[in-house]
Amino acid sequence: MYEEITHPCVQHKLALIRNVETGHKKFRELATEITMFVCYEALKKLSVKEVDVETPVATAKCHVIAEDIVVVPILRAGVGMLDGILSLVPSARVGFVGLYRDEKTKEPVTYYERMPREVKGGVCIIVDPMIATGGSTVAAIDLLKQQGATKIVVVCVVTCPEGVKRVADAHPDVQIYAASVDAGLNEKKYIVPGLGDAGDRLFGTS
Ligand code: PRP
Ligand code: URA
């Protein structure tokens, strides 16, 4: 299951971040901005609880987020989405999963994991700009479920039908939110048209 965020403001920023001429400083800014828009949608089903707030005039019935939120960026490129999501949910806890794609097999290899204690009761939001084959996302979801997480959402910038299908087949309960579902993968398992290597473009490596 997935939702593509087709809002004109998101699509405009997507046009800028895709451009090969966009350097790492601008790329990072756009990744943060797109993340905020996509997360705004992804977080719309969070439960809230009613609280009384004294305004200078009267008591207002207000609503605050009632859920414990754990944000899980997939290293490295997911770090480029951390500022964006934390600006929406500043009190979220953060867990890290380090995964890279093996150059030959294109399958994910886990090299780091550091989760907050007790992810069971909360909502876990995995962030990674790219869901290509879907292998890295499935591995991150597997890990969270092993730790007892039951409510998991994935936010990315770009995905493709192959990635969406792999995640849906393995974890039909997990919803993906994306700024774009692109046409597909090339022979190197890069998303087409995509935006290239997100980690390299975020951090100025190649
Ligand atoms: C990229 C991206 C995802 C993964 C997607 O990371 O950030 O984690 O590839 O590919 P998949 O859906 O086929 O698994 P990469 O392995 O390039 O590592 P990096 O973030 O350290 O650059
Ligand atoms: N990882 C990326 O950074 N980009 C892709 O298109 C696929 C995997």
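Everything in this summary refers to the structure shown in the same document.

## Side note on the pattern of salt bridges
Here is step 1: The final tally for this structure, using the stated rule, is 13 salt bridges.
Here is step 2: One salt bridge connects Glu67 with Lys151, and the closest N-O pair in it is separated by 2.9 Å. With Glu67 in the loop between strand 3 (59-65) and strand 4 (69-75) and Lys151 in strand 10 (residues 151-159), this residue pair connects regions lying 84 residues apart in the sequence.
Here is step 3: Members of the salt-bridge network, linked through shared partners, are Glu3, Glu41 and Lys44.

## Considerations on helix 2 (residues 24-42)
Here is step 1: With 19 residues, helix 2 should reach 27 Å at 1.5 Å per residue; the first-to-last C-alpha distance of 26 Å fits that figure.
Here is step 2: All of the buried residues in helix 2 are Phe27, Leu30, Ala31, Ile34, Thr35, Val38, Cys39 and Ala42. When helix 2 is viewed along its axis, its buried side chains cluster within an angular range of 160° and face the same direction. Exposed residues lying more than 90 degrees from the buried face of helix 2 are Lys25 and Tyr40.
Here is step 3: Tucked into the core, helix 2 has its buried residues touching helix 1 (8-18), helix 3 (82-88), strand 10, strand 11 (175-181) and helix 6 (198-203).

## Section: the site of ligand 2
Here is step 1: Inspection of the region around ligand 2 gives Arg101, Met130, Ala132, Lys189, Tyr190, Ile191, Gly196, Asp197 and Ala198 as its neighbouring residues.
Here is step 2: In the model, a nitrogen atom of ligand 2 is placed 2.8 Å from a nitrogen or oxygen of the Gly196 main chain.
Here is step 3: A distance of 2.8 Å separates an oxygen atom of ligand 2 from a polar atom in the backbone of Ala198.
Here is step 4: Protein coverage of the free-state accessible area of ligand 2, which is 240 Å², stands at 88%.
Here is step 5: Considered class by class, the residues forming the shell around ligand 2 number five nonpolar, one polar and three charged.

## As for the packing of helix 4 (residues 135-146) against helix 5 (residues 161-170)
Here is step 1: Packing of helix 4 against helix 5 leaves a shortest axis separation of 9 Å and a crossing angle of 25°. As judged from the angle between their axes, helix 4 and helix 5 are roughly parallel. In this structure, helix 4 crosses over helix 5, and the sense of that crossing is right-handed. Within the contact between the two elements, helix 4 uses Gly135, Thr137, Val138 and Ile141 and helix 5 uses Arg166, Val167 and Ala170.

## Some words on the pairing of strand 2 (residues 48-54)
Here is step 1: Relative to strand 3, strand 2 runs antiparallel, the two being bridged by seven bridges. Note that in strand 3 the partner of Glu54 across the bridge is Thr59.
Here is step 2: Where strand 2 hands over to strand 3, the hairpin turn is made up of four residues, counted between the paired strands.

## Remarks on the site of ligand 1
Here is step 1: Ligand 1 sits among 16 residues. The nearest are Arg101, Asp128, Ala132, Thr133 and Ser136.
Here is step 2: Here an oxygen atom of ligand 1 and a backbone polar atom of Ala77 are 3.0 Å apart.
Here is step 3: Between ligand 1 and Ala132, the relevant distance is 2.8 Å, taken from an oxygen atom to a main-chain nitrogen or oxygen of the residue.
Here is step 4: Notes on ligand 1: free accessible area 500 Å², of which the protein chains cover 90%.
Here is step 5: For the shell around ligand 1, the secondary-structure elements that each account for two or more residues are strand 4, strand 6 (96-101), strand 9 (130-131) and helix 4.

## Remarks on the packing of aromatic side chains
Here is step 1: Tallied over the full model, the rule gives one aromatic pair.
Here is step 2: Note on Tyr100 and Tyr111: the rings are 5.9 Å apart at their centroids and 35° apart in plane angle, and the pair reads as tilted. Here the residue Tyr100 occupies a position in strand 6, and Tyr111 occupies one in strand 7 (residues 108-114), the gap between them amounting to 11 residues.
Here is step 3: Overall, Tyr100 belongs to the partly exposed group, its relative accessible area being 42%.
Here is step 4: The exposure class of Tyr111 is partly exposed, given its relative accessible area of 46%.
Here is step 5: Lying across the ring of Tyr190, Arg101 places its NZ or CZ 5.6 Å from the centre.

Analysis parameters
Residues numbered from 1 in each chain as written. Chains lettered and ligands numbered in written order. Predicted model: local features only at pLDDT ≥ 70, side-chain atom pairs only at ≥ 80, totals over all residues. Heavy atoms only, no water. Salt bridge = Lys/Arg side-chain N within 4 Å of Asp/Glu carboxyl O. Helix = DSSP H or I, 4+ residues; strand = E, 2+ residues; numbered from the N terminus. Expected span 1.5 Å × (residues − 1). Buried < 20%, exposed > 50% of the residue type's maximum accessible area, 1.4 Å probe, protein only. Arc of directions from axis to C-beta. Contact = heavy atoms within 4.5 Å. Near = heavy atom within 4 Å. Polar contact = N/O pair within 3.5 Å; in protein donor to acceptor, adjacent residues only side chain to side chain. Areas by Shrake-Rupley, 256 points an atom, 1.4 Å probe, with all protein chains shown as cover. Nonpolar A, V, L, I, M, F, W, Y, C, P; charged D, E, K, R; others polar. Axes fitted to C-alpha atoms, helices over the stretch in contact; angles between N-to-C directions. Parallel < 35°, antiparallel > 145°, perpendicular 65-115°, else oblique. Left-handed = near helix turned anticlockwise from the far one by under 90°. Pairing = 2+ DSSP bridges. Phe/Tyr/Trp six-rings, centres within 6.5 Å; stacked < 30°, edge-to-face > 60°. Lys NZ or Arg CZ within 6 Å of the ring centre and 35° of its normal.

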